[in-house]
2 protein chains.
Amino acid sequence: MSADAWDRDLVPDQAGRTVKPDPTCPVEVALAAIAGRWTTLLLRDLMAGPRSFGEIRAALPTLSDKVLVDRLRDLQSRGLVDRRVHTGFPTRTTYALTPAGVQLRPLLIQLYETGRSLMAASESDGR
Amino acid sequence: MSADAWDRDLVPDQAGRTVKPDPTCPVEVALAAIAGRWTTLLLRDLMAGPRSFGEIRAALPTLSDKVLVDRLRDLQSRGLVDRRVHTGFPTRTTYALTPAGVQLRPLLIQLYETGRSLMAASESDGR
DNA sequence: CAGTATCCCTGTTGATACTG
DNA sequence: CAGTATCAACAGGGATACTG
């Protein structure tokens, strides 16, 4: 039993054999995409379709403008969200997931399922 | 098309209908379990079997003792890692995933796969 | 409507040194 | 071997007020 025998399901290739936090590791790429408070809630909303700035604010009323803009800009810079400004006044902007952004869907589902299973586990052991 | 029509795959039940960060939301439970720098690397190591403190240090040489202890204690407090002190001198301690901890495995795999798919997407669109 | 601009506060990380 | 104790540095988050 060697300590270097990598688990092929968990670490299928070289990119996962990191020995310190590394932004090029796939796991970190995925984590970076969903990182930050409010991000998964925002993504959940966008998964249902394009949204305007105001619609997001209405859906997440206690999220500050600043953080909302931070999140949207970050997702944009990663190519996960597309920002489209509609001409006219008042200005209207819609945010929509890109095809890459939609690829986060299975991850969000897995997060939910894992969370449920952890909650079930800690319930049965009284934690 | 109602804005209240929840996606049953993404948000299967009431616990996912949160409007602000909420530690009882399954997604947040799962995120909390893997949160923090170094945590996924540590979990990857423990997924391969029980490890002593020194073995983990050897596997992750630039991780400081302080942060390693922080991570292990946090995982312990969530019931994901079991700490076992072996009598004798020098002291030997082994850390192992609990059954609940092992349940994080599909999540780590999904993180890896999502990361790979995001990397492939940004490669093809030149980002 | 859809943002910007500041400022502050807090938690997290990490380096270093020490101990049962 | 397996930690503990301090402390300094930094980044993230949020409140508030203002603008094209």
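Residues numbered from 1 in each chain as written. Chains lettered and ligands numbered in written order. Predicted model: local features only at pLDDT ≥ 70, side-chain atom pairs only at ≥ 80, totals over all residues. Heavy atoms only, no water.

1. So, the protein's contact with DNA strand D
Piece 1. Residues in close proximity to DNA strand D total 20 residues, the closest being Arg37(A), Lys66(A), Arg71(A), Arg83(B) and Tyr95(B).
Piece 2. Within 4 Å of the protein, the contacting atoms of DNA strand D are 63% sugar and phosphate, with bases supplying the remainder.
Piece 3. Residue Gly54(B) places a main-chain N or O atom 2.9 Å away from a phosphate oxygen belonging to DNA strand D.
Piece 4. Between DNA strand D and Thr93(B), the relevant distance is 3.1 Å, taken from a phosphate oxygen to a main-chain nitrogen or oxygen of the residue.
Piece 5. Mapped by element, the contributors of at least two residues to the surface near DNA strand D are helix H4 (65-77) of chain A together with helix H3 (53-59), helix H4 (65-77) and strand S3 (92-97) of chain B.
Piece 6. Sorting elements by how many residues they give to the surface near DNA strand D places H4(B) first, with four residues.
Piece 7. For the surface near DNA strand D, the residue count by class is six nonpolar, five polar and nine charged. (Near = heavy atom within 4 Å. Polar contact = N/O pair within 3.5 Å; in protein donor to acceptor, adjacent residues only side chain to side chain. Helix = DSSP H or I, 4+ residues; strand = E, 2+ residues; numbered from the N terminus. Nonpolar A, V, L, I, M, F, W, Y, C, P; charged D, E, K, R; others polar.)

2. Considerations on the protein's contact with DNA strand C
Piece 1. The immediate surroundings of DNA strand C are formed by 20 residues, with Arg83(A), Tyr95(A), Arg37(B), Lys66(B) and Arg71(B) found nearest.
Piece 2. Counting only atoms of DNA strand C within 4 Å of the protein, the sugar-phosphate share comes to 64%.
Piece 3. Measuring from a phosphate oxygen of DNA strand C, one finds a side-chain N or O atom of Arg83(A) at 2.5 Å.
Piece 4. In this structure, Arg37(B) approaches DNA strand C through a side-chain N or O atom, which is 2.4 Å from a phosphate oxygen.
Piece 5. The dominant element in the surface near DNA strand C, judged by the number of residues it contributes, is H4(A), at four residues.

3. Remarks on the pairing of strand S3 (residues 92-97) of chain A
Residues and elements named next belong to chain A.
Piece 1. As defined by bridge partners, strand S1 (residues 51-52) adjoins S3 across two bridges and the pair is classed as antiparallel. By the bridge assignment, Ser52 is partnered in S3 with Thr94.
Piece 2. Across six bridges, strand S2 (residues 81-86) lies against S3 in antiparallel orientation. Note that in S3 the partner of Asp82 across the bridge is Ala96.
Piece 3. As consecutive antiparallel partners, S2 and S3 are separated by five residues, and within that stretch Gly88 has a phi angle of approximately 120 degrees, a positive value. (Pairing = 2+ DSSP bridges.)

4. Details of the sheet that holds S2(A)
Residue and element names in this part refer to chain A.
Piece 1. Pairing is antiparallel across the open sheet formed by three strands, whose spatial order is S1-S3-S2. This sheet does not close on itself; its edge strands, each paired only once, are S1 and S2.
Piece 2. Helix-sheet contacts for helix H2 (residues 39-47) involve S1, S2 and S3, and the interaxial angle to S3 is about 95 degrees.
Piece 3. In the packing of H4 onto the sheet, the strands contacted are S2 and S3, and the crossing angle to S2 comes to about 115 degrees. (Contact = heavy atoms within 4.5 Å. Axes fitted to C-alpha atoms, helices over the stretch in contact; angles between N-to-C directions.)

5. As for the environment of Met47(B)
Piece 1. Along the chain, Met47(B) falls in helix H2 (residues 39-47).
Piece 2. In this structure Met47(B) comes out as buried when scored by relative accessible area, which is 14%.
Piece 3. Those residues within four positions of Met47(B) in sequence are excluded, and the remaining contacts are Leu10(A), Leu97(B), Gly101(B), Val102(B), Leu104(B), Arg105(B) and Leu108(B). (Buried < 20%, exposed > 50% of the residue type's maximum accessible area, 1.4 Å probe, protein only.)

6. Some words on the interface of chain A and chain B
Piece 1. In this assembly, 56 residues from chain A lie in contact with 56 residues from chain B.
Piece 2. Buried surface at the junction of chain A and chain B, both sides included, amounts to about 4900 Å², of which 68% is carbon and sulfur.
Piece 3. In terms of surface lost to chain B, no three residues of chain A exceed Leu10(A), Arg44(A) and Tyr112(A), which account for 16% of the buried area on that side.
Piece 4. In this structure, the connection of chain A to chain B is made through six salt bridges.
Piece 5. Between Arg105(A) and Asp9(B) there is a salt bridge, with its nearest N and O atoms 3.7 Å apart.
Piece 6. A total of 15 residues in the side of chain A that touches chain B trace back to one element, the largest contributor, which is helix H6 (residues 105-124) of chain A.
Piece 7. Taken together, the residues that form the side of chain A that touches chain B break down as 32 nonpolar, 13 polar and eleven charged. (Buried area = accessible area lost by both parts, 1.4 Å probe. Salt bridge = Lys/Arg side-chain N within 4 Å of Asp/Glu carboxyl O.)

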